[in-house]
Amino acid sequence: MELAYLAAGFGAGITTIGAAVGIGMIGKSAMEGSARQPEASGDIRTSMLISAAFIEGVALFGQVVCIVLALK
Amino acid sequence: MKQFLRFLLLTLVFSTGVAVVSNAETGGDENRIDLIGKVVDKYYLDFKPLTTIELPRLIYDNGNFHVYRSTTSLLNESEIFTDAAYLDTGPFIVDGRKKPVTYKIVRLDGSSPQFDFSITNHLVFFWLAALLTFLIFIPLSRKYRQGIGRSTEPRGPFQNIFETLVIFIRDEIALQNIGAKKYQLFTPYLLTVFFFILFMNFFGLMPWGVSSTADITVTAALALFTFSATQIFASKDHWKHVFWFPGVPVPIKFILLPVELIGLFTKPFALCIRLFANMASGKILILSILGTIFIFADLFGSGVAYGTSWFWVFLTLFIYLIKALVGFIQAYVFTILSALFIGMATADHSDEHGH
């Protein structure tokens, strides 16, 4: 049963890494995009938030699995 | 020197604050903080250093309602029900002894009753947020019906603030994602959802307040509304995309069918989990950071805990500000994703080719 806790901890960490890489890449591209075309920064911000929300959704699925493991 | 004095003063102020918190949190004989007990729903309103207000219990069993004034009166008077699981130390006094909060009420033989409709902490703040939404937007819509804001300029700071937000949601969220043909049908729903979630999130920032969105049942209900809206108003093309994806070879259609079917349900599920996880994690984070002070006191003695407490309190303040930001962003994200899903489901592709 202790292994479940270990797995939950590792799972949470790895999920966070994935989400961090994804959101970081979105942020990078959005910054580049709005630096090149400042007049499009409003649209870019909206699509950035939407894609970040999708990535966050996948990461949260992972976290839910970890929580279920930890509460076993 | 002056700076050092200021620093010392701040540290003292904050550490006395923390000491008060620690006395309140540990609650008498039990010398531990129940973190999950602070986050889950309760059957009382928590004004802890001052008082607690118990909420009525309403239980439906075997065809009739059993109403009790409070959990205490249920435990003292009821011939039918008793308590099952202890999750939190609470204010209920039974037979002259302080008793843990009864989280779950069961029949005397241990089986659970049919429905527990009891009013809870989250529900009270849910109603408050709903009431606030009504109180703000019904007078506001009456103003527009009279013509103030349409033929003249909006009057007063109140109308000006909300007009900015309403127009933002109408033009930037509804119009952009649903399209000019159908956005007027869904703008009221999106507005309601946005402000309702926003008010619920901001209630969690007030002293003694809780955000009802940190309860998965609330977010599940909200996600269910969006799901119903997408399915009820879905266009013929939406169903065609789900069951018989156009424009791809036949074997691929069979592969895409389960994917699209699962996709129907993962979208609202993600909406529900996202809002819940964001709001609940803010709460847990603040409590964990404050708890670090007590861990330090345990490990290195109370002197170190007092000395470093200012850092944790500042970190808590920072997280609190992040929470305010997250409360706004999550209301926005929920609304914009709802609009996106509705827009995707109601879109008519009849004028396009092969898609």
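Details of the overall build of chain B
For step 1, the next point in the chain: For chain B, the count of helices and strands is 10 helices and nine strands.
For step 2, the next point in the chain: Within chain B, the fraction of its 355 residues that count as buried is 42%.
For step 3, the next point in the chain: Contacts in chain B between residues at least 24 apart in sequence constitute 63% of all its contacts with a sequence separation of at least 6.

A short note on helix H10 (residues 302-346) of chain B
For step 1, the next point in the chain: The end-to-end C-alpha separation of H10(B) is 61 Å, in line with the 66 Å expected for 45 residues at 1.5 Å each.
For step 2, the next point in the chain: Its maximal kink placed at B:Thr308, H10(B) deviates by approximately 45°.

Topic: the interface of chain B and chain A
For step 1, the next point in the chain: Each side of the interface is counted separately: chain B has 15 residues, and chain A has 10 residues.
For step 2, the next point in the chain: Between chain B and chain A the total buried area reaches about 1,100 Å² when both faces are included, carbon and sulfur atoms providing 79% of it.
For step 3, the next point in the chain: If you sort the residues of chain B by the area they bury against chain A, B:Ile273, B:Arg274 and B:Tyr332 come out on top, with a joint share of 35%.
For step 4, the next point in the chain: Run the count over chain B and chain A and you get one salt bridge.
For step 5, the next point in the chain: Close ionic contact of B:Arg274 with A:Glu56 constitutes a salt bridge, the shortest N to O distance being 3.6 Å.
For step 6, the next point in the chain: Along the contact surface separating chain B from chain A lie one residue pair in polar contact (both at pLDDT 80 or more).
For step 7, the next point in the chain: Of all the elements in the fold, those that place two or more residues in the side of chain B that touches chain A are helix H9 (250-300) and H10 of chain B.
For step 8, the next point in the chain: Residue contributions to the side of chain B that touches chain A peak at eight residues, all from H10(B).
For step 9, the next point in the chain: Residue classes in the side of chain B that touches chain A are distributed as 11 nonpolar, three polar and one charged.

So, the pattern of salt bridges
All names here are of chain B.
For step 1, the next point in the chain: Evaluated as defined, the whole model comprises four salt bridges over all chains.
For step 2, the next point in the chain: Where Asp171 meets Arg170, a salt bridge forms, and the shortest distance between an N and an O atom there is 3.0 Å.
For step 3, the next point in the chain: The salt bridge partner of Lys240 is Asp237, with a shortest N-O separation of 3.9 Å. Highlighted residues: Lys240 and Asp237, both in helix H8 (residues 236-243), separated by three residues, approximately one helical turn.

Here we look at the pairing of strand S3 (residues 57-61) of chain B
Across a regular strand the side chains alternate sides, sitting on one face of the sheet and then on the other.
Residue and element names in this part refer to chain B.
For step 1, the next point in the chain: Across the two faces of S3 the burial differs, with Arg57, Ile59 and Asp61 buried and Leu58 and Tyr60 not buried at all.
For step 2, the next point in the chain: Bridge analysis of S3 against strand S4 (residues 64-68) gives five bridges, and the strand direction is antiparallel. Along S4, the bridge assignment pairs Asp61 with Asn64.
For step 3, the next point in the chain: Hairpin connection of S3 to S4: two residues between the antiparallel strands, including Asn62 at a positive phi of 50°.
For step 4, the next point in the chain: Across two bridges, the pairing between S3 and strand S9 (residues 115-116) is antiparallel. Bridge pairing in S9 links Ile59 to Asp116.

Here's the deal with the nonpolar core
For step 1, the next point in the chain: Among the nonpolar cores identified, the biggest contains 51 residues, and B:Leu190, B:Phe195, B:Leu222 and B:Leu337 are the most heavily contacted of them.
For step 2, the next point in the chain: Going through the elements one at a time, helix H2 (41-70) of chain A together with helix H4 (121-146), helix H5 (156-178), helix H6 (183-203), helix H7 (216-232), H9 and H10 of chain B are the ones with two or more residues in this core.
For step 3, the next point in the chain: The biggest single contributor to this core is H6(B), with 14 residues.
For step 4, the next point in the chain: The residues touching B:Leu190, leaving out its near neighbours within four places in the chain, are B:Ile169, B:Ile173, B:Ala174, B:Ile178, B:Thr335, B:Ser338 and B:Ala339.
For step 5, the next point in the chain: Counting residues in each nonpolar core, the second largest holds seven residues, with B:Ile289, B:Ile293, B:Val313 and B:Ile319 among its members.

What about the sheet that holds S4(B)?
Strands in a sheet are paired, the pairing made by backbone hydrogen bonds, and the direction either parallel or antiparallel.
For step 1, the next point in the chain: What the three strands build is an open sheet, ordered S4-S3-S9 (chain B); its pairing is antiparallel. Only two strands of the sheet have a single neighbouring strand rather than two, namely S4 and S9 of chain B.

Overview of the side chain of B:Ser211
For step 1, the next point in the chain: Tracing the chain through its elements places B:Ser211 in the loop between H6 and H7.
For step 2, the next point in the chain: In this view, B:Ser211 contacts B:His122, B:Met200, B:Asn201, B:Gly204, B:Met279 and B:Lys283; residues no more than four positions away in its chain are not counted.

Describing the packing of H7(B) against H10(B)
Residue and element names in this part refer to chain B.
For step 1, the next point in the chain: H10 packs onto H7 with a crossing angle of 20° between their chain directions and a minimal axis gap of 9 Å. With respect to H10, the element H7 is oriented roughly parallel. Seen from above, H7 lies across H10 with right-handed handedness. Two secondary-structure elements touch here, H7 through Leu222, Ala223, Thr226, Ala229 and Thr230 and H10 through Phe334, Ser338, Phe341, Ile342 and Ala345.

What about a nonpolar patch on the surface?
All names here are of chain B.
For step 1, the next point in the chain: Together, Trp239, Phe243, Trp244, Val250, Phe254 and Leu261 make up a nonpolar patch on the protein surface, roughly 580 Å² of accessible area in all.
For step 2, the next point in the chain: Residue assignment for the nonpolar patch shows that the elements contributing at least two residues are H8 and H9.
For step 3, the next point in the chain: Counting residues per element, the nonpolar patch draws most heavily on H9, which supplies three residues.
For step 4, the next point in the chain: Structurally, Val250 can be placed in helix H9.

About the criteria used
Residues numbered from 1 in each chain as written. Chains lettered and ligands numbered in written order. Predicted model: local features only at pLDDT ≥ 70, side-chain atom pairs only at ≥ 80, totals over all residues. Heavy atoms only, no water. Helix = DSSP H or I, 4+ residues; strand = E, 2+ residues; numbered from the N terminus. Buried < 20%, exposed > 50% of the residue type's maximum accessible area, 1.4 Å probe, protein only. Contact = heavy atoms within 4.5 Å. Expected span 1.5 Å × (residues − 1). Bend = angle between axes of the 7 residues up to and from the residue. Buried area = accessible area lost by both parts, 1.4 Å probe. Salt bridge = Lys/Arg side-chain N within 4 Å of Asp/Glu carboxyl O. Polar contact = N/O pair within 3.5 Å; in protein donor to acceptor, adjacent residues only side chain to side chain. Nonpolar A, V, L, I, M, F, W, Y, C, P; charged D, E, K, R; others polar. Pairing = 2+ DSSP bridges. Core = buried A, V, L, I, M, F, W, Y, C linked by side-chain atoms within 4.5 Å. Axes fitted to C-alpha atoms, helices over the stretch in contact; angles between N-to-C directions. Parallel < 35°, antiparallel > 145°, perpendicular 65-115°, else oblique. Left-handed = near helix turned anticlockwise from the far one by under 90°. Patch = residues over 30% accessible without salt bridge, like charges linked within 9 Å, V, L, I, M, F, W, Y side chains within 5 Å. Areas by Shrake-Rupley, 256 points an atom, 1.4 Å probe, with all protein chains shown as cover.

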